[in-house]
Amino acid sequence: MKKTLQQKAEHILDSNFKTEGEFTIPCENLYPFQWFWDSGLIAIGFAHYDMQKAEREIKTLLKAQWSNGFIPHIIFHTETDSYFPGANFHRSDLHPESNPKYKSTGMTQPPVTGFVLKEIYRISEVKESTLKFIETQIDKVYDNHRYFYENRDPQNEGLVYIYHNWESGTDNSPIWDDIWETMNPPEYDFERRDTTHVDPEERPSKREYDHYLHIIEIAKANNYNDEKIAELSPFLVQDPLFNAMLIKSNESLIELYNLIGGNENKIKQLKKWQQKSKTAFNDKLFDEELGAYVHYDLRNEKALRYLSSSSFAPLFANIPDTEKAETMVDVMMEKFGNENQYLCASFDPTSERFNPKKYWRGPVWVNLNWMLYNGLKQYGFNDIAERVKTDTITIIENNGFYEYFDSRKEMHKDNKAGYGGNNFSWTAALLIDLLNE
Ligand code: DGY
């Protein structure tokens, strides 16, 4: 019997689930460990058919939290040399508050866990027991948000910084080119692993990796101390996607704490953070001329004025007012949404830097599409939301469960427009959510 798309997606998630560590890898070979935002999004897919695995995913992730509330971007549960740079390069043990039980990186990723808990609750058919589970984990997520506000916002603006492109999740975005131009790292001698699993055309260059490693070397030389990183890192950015994830998660934590009852002080604090963050986000990151949100380079004190799928993600976190939202959607449809393109390219298709084949430099990503779909619906842009959903399902149906997809429709004619890793977990997980919502 031919498998349905949903059955295929479940099969991918179940195959990528690792019983020895009770977590799910993003995909075989290319990403063989537990990644922070991948895990969160994966849990949303599991919640539709295996709540136990959804809960275990989050539990395992939060077990690796550091005592200061920090959650690492990769947790190296197992040993394998199929990935570079591994645990011995990152050396999380250098930080005095790192978790002695888990080897990890010393950088983080978009804080999705708060809204993921809320999504799991929404999907659950046994709300009472799911809420009990959430009660056992929610304070850890709150502590993670406290970590961000206390350690990643040196000017007390309500906006947190990231210090590495791998913290953004949009690792190879052309936006970072502006920062690479301010740096001149040494040419390191190392052996890439990603390009043995995936066509190098679809991955970052060697020179880009020199920059990535150099920032980590600076952080390591300072034992991953946040104050030192804020002072010295050549990469220090207020990222609209990252901050939107934090704001969306604040909103979810407030709702969940209200459902649980008690915790008045935490709710009060979350509301304070939320108010301040939303105001600063609109004041500082909205670019009136471009009609959408942009990144801000805190190190060099200037806006990075480019349109990307991150520019529209704030819709998901209820950040723009309706007027701004309308402007953003007009811009998105004009630049990203013509009939030759699948929604939504990860970088401005009208830019010279657009590359629809290369990691985060243009292809469509299912996680950003899922956020965009939900954001558009929240604001009542139902037709465009439906188009994002249909486009997402179509590209997966035609090509398979890839990590990213060409945004140009003409490239899909021979069904080879899926790039990066295959059998990719969050592509499967979020497809399941789209098929069932
Ligand atoms: C990679 O190795 O490209 C990872 O995405 C880093 O998080």
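Note that this is a predicted model, so its numbers are computed, not measured. (Residues numbered from 1 in each chain as written. Predicted model: local features only at pLDDT ≥ 70, side-chain atom pairs only at ≥ 80, totals over all residues. Heavy atoms only, no water.)

Turning next to the environment of W360. Structurally, W360 is set in the loop between α14 (322-335) and α15 (366-378). Among the residues examined, W360 registers a relative accessible area of 2% and is labelled buried. In sequence terms W360 and P204 are 156 residues apart; their C-alpha atoms lie 9.4 Å from each other. Apart from residues no more than four positions distant in its own chain, W360 is found in contact with W37, G169, T170, D171, N172, S173, P174, S346, W365, N367 and L368. At a separation of 3.0 Å, a polar atom in the side chain of W360 contacts the main-chain carbonyl oxygen of G169. (Helix = DSSP H or I, 4+ residues; strand = E, 2+ residues; numbered from the N terminus. Buried < 20%, exposed > 50% of the residue type's maximum accessible area, 1.4 Å probe, protein only. Contact = heavy atoms within 4.5 Å. Polar contact = N/O pair within 3.5 Å; in protein donor to acceptor, adjacent residues only side chain to side chain.)

Attention now goes to helix α5 (residues 113-123). Where burial is concerned, most of α5 is hidden: nine out of the eleven residues are buried. Listing the buried residues of α5 in full gives T113, G114, F115, V116, L117, E119, I120, Y121 and I123.

Two orientations exist for strands paired in a sheet by backbone hydrogen bonds: parallel and antiparallel. A sheet is described by the order of its strands in space; here three strands give the open sequence β5-β8-β9, paired in antiparallel fashion. The strands lining the two open edges of the sheet, one partner per strand, are β5 (237-238) and β9 (302-304). Inspection of the sheet shows strand β8 (residues 295-297) paired to β9 by three bridges, in the antiparallel sense. Looking at the pairing, D297 lines up with K302 of β9. (Pairing = 2+ DSSP bridges.)

Overall, the coordinates contain 33 salt bridges when judged by the stated rule. The closest approach of N and O atoms between R152 and D226, which form a salt bridge, is 3.7 Å. Here the residue R152 occupies a position in the loop between α6 (127-151) and α7 (165-168), and D226 occupies one in helix α11 (residues 226-232), the gap between them amounting to 74 residues. The buried category is assigned to D226, whose relative accessible area is 12%. A salt bridge links D194 to R192, with the nearest nitrogen and oxygen atoms 2.6 Å apart. By relative accessible area, R192 is classed as buried at 13%. (Salt bridge = Lys/Arg side-chain N within 4 Å of Asp/Glu carboxyl O.)

A separate point is helix α2 (residues 36-46). Among the eleven residues that make up α2, eleven are buried, leaving the element largely enclosed by the rest of the structure. What α2 keeps buried is the set F36, W37, D38, S39, G40, L41, I42, A43, I44, G45 and F46.

Let us look at the packing of aromatic side chains. Taken as a whole, this structure holds 40 aromatic pairs when the rule is applied. Consider the rings of Y142 and Y257, whose centres lie 6.3 Å apart with planes at 75°: the pair is edge-to-face. Here Y142 is found in helix α6, whereas its partner Y257 is found in helix α12 (residues 240-260), with 115 residues between them in sequence. Overall, Y142 belongs to the buried group, its relative accessible area being 7%. Across the ring face of Y121, the terminal group of K127 is positioned such that the distance to the ring centre comes to 5.2 Å. (Phe/Tyr/Trp six-rings, centres within 6.5 Å; stacked < 30°, edge-to-face > 60°. Lys NZ or Arg CZ within 6 Å of the ring centre and 35° of its normal.)

With that out of the way, let us pick up the site of the ligand. Neighbouring residues of the ligand: Y31, W35, H73, Y83, W166, D171, R203 and Y359. R203 is positioned with one of its side-chain polar atoms (N or O) 2.9 Å from an oxygen atom of the ligand. With the chains in place, 96% of the 230 Å² that the ligand exposes on its own is no longer accessible. Split into classes, the residues belonging to the shell around the ligand amount to five nonpolar, one polar and two charged. (Near = heavy atom within 4 Å. Areas by Shrake-Rupley, 256 points an atom, 1.4 Å probe, with all protein chains shown as cover. Nonpolar A, V, L, I, M, F, W, Y, C, P; charged D, E, K, R; others polar.)

Further remarks concern the side chain of Q65. Take Q65: it is sitting in the loop between α3 (51-63) and β4 (74-75). On the basis of relative accessibility, which here comes to 11%, the residue Q65 falls in the buried class. Discounting residues that sit within four places of it in the chain, Q65 has contacts with F70, I71, N99, K140, D143 and N144.

What follows is about the packing of α6 against helix α13 (residues 264-285). For the pair α6 and α13, interaxial distance at closest approach is 12 Å and the crossing angle is 40°. The angle between α6 and α13 places the two elements in the oblique class. Considering only the axes of α6 and α13, their crossing is left-handed. Facing α6, whose interface residues are D139, Y142, H145, R146 and Y149, α13 presents K266, Q269, L270, W273 and S277. When the residues that make up the contact of α6 with α13 are grouped by side-chain class, the tally is four nonpolar, three polar and three charged. (Axes fitted to C-alpha atoms, helices over the stretch in contact; angles between N-to-C directions. Parallel < 35°, antiparallel > 145°, perpendicular 65-115°, else oblique. Left-handed = near helix turned anticlockwise from the far one by under 90°.)

Limitation: the analysis is restricted to geometry and does not speak to function.
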